[in-house]
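# Per-entry structural report
Next come the chains, spelled out residue by residue.
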Amino acid sequence: MIKNFFKLSGLALFSVFLLSTTILSKAMATDDTQINKEAKTKLRIATFNVSMEAFNYAKPSLNRTPNVTGDELTQALKNNNQQIKNIAEIIQRVNPDIILLNEFDHVDKNHENILYFLQNYLGKEQNKQTSIDYPYFYQGTVNTGVKVNTNINNDDKNNQPTTNNLHGFGYFEGHYGMVLLSKYPINEKAIRTFQHFKWSDMPGALKPIDPSTKKSWFSDDVWSKLRLSSKSHWDIPVNINGNTVHILASHPTPPVFDGPENRNGKRNHDEIRFWFDYINNTQASYIYDDNGNKGGLSPNQPFVILGDQNASSVEGDAINSSINALITNDKLQDPMPTSLGGESHQSDNVNAQYHTAYWGMRADYVLPSVLGFTIKDSGVFWPQKNDEAFRLIKDRKASSDHRLVWVDLDLTK
């Protein structure tokens, strides 16, 4: 039989080869179809406050307050910084399909820093972890360091740019910025940003009141100008194998560092409330985006709320009615991610297993909509002390004072 095979004409040989190649191609196509079918339904989505901001890399000055210029992250990236390598290793270990990074300084219009991070940190093996490719990202402008052009604190002190005359706390524009990384295409033309939305334009806004005078803590001029978002609110549509998922990203101000007027606490409350109204479209008629388009999220759209919300429904200094209303909203699901490391970090705290921040609070959230998603698993990257990976989170210098939070989902739509 072997002899007879080799006696076939050249045309017959080619036909046999073509037939075998076709069969092989069909088999490969079948396998690829199966893979794509699985990829279409399985997602891992994460959020991580990475502390990749100027103070982490600045040298202390004589008055103990670091002098920062906005160039600190650029230099740290180029110097093969160990904290950044650890951040990259954590992300590689978890390997999310979509991840929001909070506190990633944005001072470069051409996105050199995030591109460098993608190529030279995530794109390279860290401690033998497999490299990750994120071909898509979004890094928009934020309100930190942006001047209001009037004195916010009513103290006639205009020589402290970090605490006065700014829409969002920061030593330069883009300080404490944020960026979304994705393995799936981002529909950039359909992105909605709400950086310029005025706080006073929110019906029922918690306007700060000076308890000693019973009057508005902000002057009428300031209140009419001040933006709601301390950074920004983003609605980023991601195309996941033909299905659009809206990533709703933000990073509200910490509800502290203020006075009895509780201006930061009230702002945190209303920044979180923004998403509650946005996903409940009937309550969103007052909302307008930076292009002047009005209204909230269209009905029947799958979404995931991501970010460091700086609030817990059971702990901390926030006015927790807002975060509680959000996580119990019937339009979304709360996976309530846990970790053994967090539980053992504060073993006497019944809420410790849910903590996402080193100081002991749940601050970071991945909240998928009921529509379109089935929750399969979730977690907080917080290794225990006896785990080899504990070195990555042993203190703030190792990586961050926050932990990466992830949720595994089946996209069912």
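Structure: see above.
Residues numbered from 1 in each chain as written. Predicted model: local features only at pLDDT ≥ 70, side-chain atom pairs only at ≥ 80, totals over all residues. Heavy atoms only, no water.

Quick look at the pattern of salt bridges now. Per the stated rule, a full pass over the model turns up 14 salt bridges. For Asp 408, the salt bridge is made with Arg 44, and the minimal N-O distance between the two is 2.6 Å. Here Arg 44 lies in strand S1 (residues 42-52) and Asp 408 lies in strand S13 (residues 405-411), a separation of 364 residues in the sequence. Its relative accessible area of 17% is what places Asp 408 among the buried residues. Here Asp 410 makes a salt bridge to Lys 376, at a shortest N to O gap of 4.0 Å. (Salt bridge = Lys/Arg side-chain N within 4 Å of Asp/Glu carboxyl O. Helix = DSSP H or I, 4+ residues; strand = E, 2+ residues; numbered from the N terminus. Buried < 20%, exposed > 50% of the residue type's maximum accessible area, 1.4 Å probe, protein only.)

A few words on the sheet that holds strand S12 (residues 373-380). Ordered in space as S3-S4-S2-S1-S13-S12, the six strands form an open sheet in which the pairing is mixed. Two strands close off the open sheet at either side, each with one partner strand: strand S3 (136-138) and S12. The average angle at which neighbouring strand axes cross in this sheet is 20°, direction not considered. By the bridge criterion, six bridges tie S1 to strand S2 (residues 98-104) in an arrangement that is parallel. Note that in S2 the partner of Asn 49 across the bridge is Asn 102. Set on the sheet, helix H4 (residues 82-94) makes contact with S1, S2 and S13; between it and S1 the angle comes to about 165°. (Pairing = 2+ DSSP bridges. Axes fitted to C-alpha atoms, helices over the stretch in contact; angles between N-to-C directions. Contact = heavy atoms within 4.5 Å.)

Here we take up the sheet that holds strand S9 (residues 243-250). Taken in spatial order, the five strands of this open sheet run S5-S8-S9-S10-S11, and their pairing is mixed. Each edge of the open sheet is held by one strand with a lone partner, namely strand S5 (192-193) and strand S11 (364-368).

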